[in-house]
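Given next are the chains, with one letter for each unit.
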Amino acid sequence: MNGKHIQKLGFEKRAIKLALDAANLREDTGASRQEILDELQAVQNNPTGYLAGGVYAELAAELHEQDQKVVSRQSAALRATPLPYRVWGEDLIDPGAHDQMDVAMRLPVSRAGALMPDAHVGYGLPIGGVLATENAVIPYGVGVDIGCSMMLSVLPMAPGALGTDEARSLLIKHTRFGAGVAFEKRDRLDHEVLHDPAWKEQPLLRHLHPKAAEQIGTSGSGNHFVEFGTLTLKAPDLDLEPGEYLAVLSHSGSRGFGAQVAGHFTTLAQKLHPNLDRAAQKLAWLPLDTHEGEAYWQAMNLAGRYALANHEQIHGRLARALGLKPAAQVSNSHNLAWKQQHGGRELIVHRKGATPAEAGRLGLIPGSMADPGFVVRGRGVEAALSSASHGAGRQLGRKAAINSLAKKDVQAYLEGRGITLIGGGIDEAPQAYKRIEEVIARQSDLVDVVAEFQPRVVRMDTGSEDI
DNA sequence: ATGTCC
């Protein structure tokens, strides 16, 4: 064992000496060269795991310090002025969302961005915000509900063939809503995502696996929904003939698992940037070439796959109960970060409430519990970083909706559109959202509308104020 | 968004 072996593993400066010292101690106790090299690699991959004690503790401390220096070098001050970014639907966007996007575009790691017409204020990056960074991922640029996504199943059945009462009982029997809810053990379905090797590669993920296993196929709360409705296709597409179809549309995320991943890494990112300007505190990032950044990337992508698996379970249950196999299916994540080529380099594109809209890619943009949703096809517009809105976007905050909307007006709106609602709350009333038709119109250069979905029987969590 | 502090 000599310095060359150590340097080959990528150790630098004082870490080389410390690694060599530790290697010699291990050799004295009879460890083989390969064992020692594997151990050194493990320490390098996760220095914090070896700080507590043992032969590698000093090396781990030095590696940890080197990591911190990398991080603090990147904690430069904010730019004096935001980088320019384009806005779609300026007239529909409140100033608060603009201000948040301005701060994001002042981060030293930011390279490009865009604001979608459904934009409104969120934590850190606004909802409807798209942000491209270089070698950095921002947990709050993805959002608390990592992998929050949409799925549509078009069923080979005429919309009228499923009665409202039957649709209602299917939703009650096969979906679960509410914070903290999980499936009873006997009702659980297995899914390959629960056997993903990533669960065993981080203590945090290992810890969250049981929660993920019991919550898979559930829908949570807030704006999440599962609904039956009518899909209208005017021209041949989605491998389907034009016509009207019964369809299931769902909005769901990564449940408690994703929320805890988001919380863990947001806290970590903020700790790594103690000197970040206060205005940008919630936009603290993790450099992708550090262990912390890699760990978040792995956990985020697992949460993304898990959220889509959630939808698969929901749709699978409903289709099986009807004895049908979906004739077409569309899905997309709208809270996630992707590696994407932009301006000749690889950037990290965060979409926090934004639909991927690369040229030709299908996506889903829902309206509200009573308004139509749209199947869209992306046009790959560079200035929008190939994105579109993820929905209509709120025009009233939850409190404002509860305080200002009258129950009878919301009921009238639902009755006028023939909506049967299970659960739901005033804070999710259609009147709390921007008009989806306007939001779609403002982004006609970003996506083409492929089909329209009108909800009919809708299930949501019980809100704090009933409708 | 989430059982609202692992």
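Residues numbered from 1 in each chain as written. Chains lettered and ligands numbered in written order. Predicted model: local features only at pLDDT ≥ 70, side-chain atom pairs only at ≥ 80, totals over all residues. Heavy atoms only, no water.

As named in an unreviewed UniProt entry, chain A is 3'-phosphate/5'-hydroxy nucleic acid ligase, taken from Deinococcus hohokamensis. According to the UniProt record, the Catalytic activity (unreviewed entry) comment for chain A is "a 3'-end 3'-phospho-ribonucleotide-RNA + a 5'-end dephospho-ribonucleoside-RNA + GTP = a ribonucleotidyl-ribonucleotide-RNA + GMP + diphosphate". Under the UniProt heading Cofactor (unreviewed entry), the note attached to chain A is "Mn(2+)". (UniProt positions renumbered as here; feature names shortened; annotations may be inferred.)

Colleague: I'd like to hear about the protein's contact with DNA strand B, residue by residue, with values.
Modeller: Around DNA strand B sit 17 residues, and of these Val144, Gly180, Ser221, Asn223 and Arg255 come closest. Counting only atoms of DNA strand B within 4 Å of the protein, the sugar-phosphate share comes to 62%. The contact in question runs from a base nitrogen of DNA strand B to an N or O atom on the backbone of Ala179, over 2.9 Å. Contact between DNA strand B and Lys211: a phosphate oxygen at 3.1 Å from a side-chain N or O atom of the residue. Elements represented by at least two residues in the surface near DNA strand B include exactly α8 (203-215) and α9 (255-272). Split by residue class, the surface near DNA strand B holds four nonpolar, nine polar and four charged. (Near = heavy atom within 4 Å. Polar contact = N/O pair within 3.5 Å; in protein donor to acceptor, adjacent residues only side chain to side chain. Helix = DSSP H or I, 4+ residues; strand = E, 2+ residues; numbered from the N terminus. Nonpolar A, V, L, I, M, F, W, Y, C, P; charged D, E, K, R; others polar.)

Colleague: Describe the pattern of salt bridges, and please don't skip the residues or the numbers.
Modeller: Tallying each qualifying case throughout the model produces 21 salt bridges. Across the salt bridge formed by Glu134 and Arg111, the nearest N and O atoms sit 2.6 Å from each other. You can see Glu134 sitting in the loop between β3 (127-133) and β4 (136-137) and its partner Arg111 sitting in strand β2 (residues 110-120), a full 23 residues away along the chain. The partly exposed category is assigned to Glu134, whose relative accessible area is 28%. When salt bridges with common partners are traced through the structure, they connect Arg176, Glu184, Arg186 and Asp187 into a single cluster. (Salt bridge = Lys/Arg side-chain N within 4 Å of Asp/Glu carboxyl O. Buried < 20%, exposed > 50% of the residue type's maximum accessible area, 1.4 Å probe, protein only.)

Colleague: With reference to specific residues and values, describe helix α5 (residues 95-104).
Modeller: Within α5, burial applies to Ala97, His98, Gln100, Met101, Val103 and Ala104. Of the surrounding secondary structure, the elements contacted by the buried residues of α5 are β1 (86-87), β2 and β3. (Contact = heavy atoms within 4.5 Å.)

Colleague: So, the packing of helix α7 (residues 164-174) against helix α10 (residues 291-322): which residues are in play, and what are the values?
Modeller: The N-to-C vectors of α7 and α10 enclose an angle of 135°; their axes lie 10 Å apart at closest approach. Between α7 and α10, the interaxial angle falls into the category oblique. Both α7 and α10 take part in a crossing whose hand is right-handed. On α10, the residues that touch Glu166, Leu170, Leu171 and His174 of α7 are Arg317, Leu318, Ala321 and Leu322. Per-class residue counts for the contact of α7 with α10 are five nonpolar, one polar and two charged. (Axes fitted to C-alpha atoms, helices over the stretch in contact; angles between N-to-C directions. Parallel < 35°, antiparallel > 145°, perpendicular 65-115°, else oblique. Left-handed = near helix turned anticlockwise from the far one by under 90°.)

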